[in-house]
Amino acid sequence: MRVGLTREWGEGRNFEAMILRSRFDMTHDVHWPGFRRFAPPNTFTDVAERSEHNRDYTSMWGAHSEYSRPVGVEGWKLGVLGTVNRLSHPKIPDYQINNVITVPRDPGHTWAYNAGVGMSRAFRNATFGFDVIMEPMFSTTWAEAARDTVTVRGARIPQGGHTVDNEFQFSNSLMRFGFEHMAPPTDSATHFGFQFGLGVYSIRYRLGQTDQVRDSSRVQHEHWMEWTPSIGFKVRSAGYEIRYALSMTCGAGGSCAPCPFACGSDDVTVVASPSSGGVIAAPTDVLRFNGGRVTTQRLTISLRIR
């Protein structure tokens, strides 16, 4: 659900604000068939079939705002934005530690923000724009004991108590720029234009994790960059508009990402190895994107009805 308002003043000034409420609720019914595992020389292990019923639930409140206005008399325009989101994660699916033990997870809550500024300029038949957005985020997550658990020191964690506590601190940033040029219209009032742009997304976070069962803790830093070059073409006439866009997002180690900026990760300091888990439960392995490329093509046809 979204509720918003828009206010326009003279001289091209514009303000937008919106409050949103989002809820995601899903159940997962998963079934594993039974099978027999063979291990040399002549050992067989029967694995029984089993089924799981898990719930995946997240709710969010958010407030978004934007403001833009002309600057000077040479076609420049300034824009700023700000966002605050509060996410609650009451339940996500249980993580399977092995074929027998299942540990339930109740992750916690997340505060996510962004703040950005951008400039654009329109001159003759061309438009140029760029923006910079900062995306800090703070997330507190945990794992709950499925039953009374004894720690390595002999202390007792009651059922529902925290077995693993995690604190994530993200400091992501996004930079984008783009250019569009439209040729003068022909005799049939048809315009032809092209666009190109580049987005650079930096992901950086710090994980602090405490394992209450093993009485251990660790701090881990990760950082990588994603590059998104794009190109587009546009044909506009009195009764229709056709757009085609091609973009390519490359992660760390991807073929279109400069390796000196995108390969590897920051230092990792491990005091002791806590329990493994999923992304929310913070596994012991390196937590970063290992590289790849996503190519997106989009074709849009708009027709004028009246």
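It should be emphasised that the depicted structure is a prediction, and the values quoted were computed from it without experimental measurement.

Participant: I keep staring at the overall build of the protein chain and nothing clicks. Help me out?
Facilitator: Scanning the protein chain from N- to C-terminus turns up 1 helix and 16 strands. The proportion of buried residues among the 306 residues of the protein chain is 28%. For the protein chain, contacts bridging at least 24 residues in sequence account for 62% of all contacts bridging at least 6. With an accessible surface of roughly 19000 Å², the protein chain has 58% of that area assigned to carbon and sulfur atoms.

Participant: What exactly am I supposed to notice about the packing of aromatic side chains here?
Facilitator: Aromatic rings considered in pairs are described by the distance between their centres and by the relative angle of their planes. As enumerated under the stated definition, the model contains 10 aromatic pairs in all. With a centroid separation of 6.2 Å and 20° between ring planes, the pair formed by F168 and F170 is classed as stacked. The same class applies to F168 and to F170, which are both buried. Residue classification places F170 among the buried residues on the basis of a relative accessible area of 18%. One cation-aromatic arrangement involves R55 over Y57; the distance from NZ or CZ to the ring centre is 4.6 Å.

Participant: Would you mind going over the nonpolar core with me for this structure?
Facilitator: Inside soluble globular proteins, nonpolar side chains tend to come together where they are buried. F168, F170, I203, Y205, L207 and W224 form the largest nonpolar core, which has 6 residues in total. Those elements that provide at least two residues to this core are strand 11 (162–182) and strand 12 (191–211). Sorting elements by how many residues they give to this core places strand 12 first, with 3 residues.

Participant: Explain unusual backbone geometry here, please?
Facilitator: Of all residues except glycine, most have a negative phi; of all peptide bonds, most are trans. With phi around 65°, E11 is a residue other than glycine that occupies positive phi space. Locating E11 in the fold gives a position in the loop between strand 1 (2–8) and strand 2 (14–32). You can call E11 exposed: its relative accessible area is 68%. One non-glycine residue, R124, adopts positive backbone phi at about 55°. Within the element layout of this structure, R124 appears in the loop between strand 7 (102–123) and strand 8 (126–144). Look at R124 and you get exposed, because its relative accessible area is 88%.

Participant: Explain the pattern of salt bridges to me, please; I cannot follow it from the model alone.
Facilitator: Opposite charge on two side chains makes pairing possible when the charged atoms of those side chains draw close. Counted by the stated rule, this structure contains 8 salt bridges. One salt bridge in this structure joins D215 and R153, with 2.6 Å as the shortest N-O distance. Taken together, the residues span a long stretch of sequence, with D215 in the loop between strand 12 and strand 13 (216–236) and R153 in the loop between strand 9 (149–150) and strand 10 (156–157) at a distance of 62 residues. Its relative accessible area of 69% is what places R153 among the exposed residues. The salt bridge partner of E180 is K234, with a shortest N-O separation of 2.9 Å. In this pair, E180 is assigned in strand 11 and K234 in strand 13, connecting sequence segments 54 residues apart. As far as burial versus exposure is concerned, E180 and K234 are alike and both buried. Each member of the salt-bridge network shares a partner with another, and the members are R236, E241 and R243.

Participant: Before we go on, may I ask you to explain the confidence of the model for the protein chain in this structure?
Facilitator: Fine structural detail should not be taken from predicted coordinates in areas where pLDDT scores are low. Of the residues in the protein chain, 82% reach a pLDDT of 70 or more, and the chain-wide mean stands at 82. Segment residues 97–102: pLDDT under 50, and 11 contacts once partners within four positions in sequence are set aside and those in other chains are kept. Between residues 257–282, whose pLDDT stays under 50, and residues either more than four places distant or in other chains, the model counts 74 contacts.

Participant: Help me understand a nonpolar patch on the surface in this model?
Facilitator: Judged by side-chain polarity, F130, F177, F192, F194, F196, I231 and F233 come together as a nonpolar surface patch covering roughly 620 Å² of accessible area. Broken down by secondary-structure element, the contributors of at least two residues to the nonpolar patch are strand 12 and strand 13. Assignment of secondary structure puts F233 in strand 13.

Participant: What's the story with the environment of G208 in this structure? I'm lost.
Facilitator: Mapped onto the fold, G208 is located in strand 12. Owing to a relative accessible area of 16%, G208 belongs among the buried residues under this scheme. As for G208 and F168, which are separated by 40 residues in sequence, their C-alpha atoms are 6.6 Å apart. Not counting residues within four places of it along the chain, the set of residues in contact with G208 comprises D165, N166, E167 and R218.

Reading the values: the criteria
Residues numbered from 1 in each chain as written. Predicted model: local features only at pLDDT ≥ 70, side-chain atom pairs only at ≥ 80, totals over all residues. Heavy atoms only, no water. Helix = DSSP H or I, 4+ residues; strand = E, 2+ residues; numbered from the N terminus. Buried < 20%, exposed > 50% of the residue type's maximum accessible area, 1.4 Å probe, protein only. Contact = heavy atoms within 4.5 Å. Areas by Shrake-Rupley, 256 points an atom, 1.4 Å probe, with all protein chains shown as cover. Phe/Tyr/Trp six-rings, centres within 6.5 Å; stacked < 30°, edge-to-face > 60°. Lys NZ or Arg CZ within 6 Å of the ring centre and 35° of its normal. Core = buried A, V, L, I, M, F, W, Y, C linked by side-chain atoms within 4.5 Å. Salt bridge = Lys/Arg side-chain N within 4 Å of Asp/Glu carboxyl O. pLDDT = per-residue confidence, 0-100. Patch = residues over 30% accessible without salt bridge, like charges linked within 9 Å, V, L, I, M, F, W, Y side chains within 5 Å.

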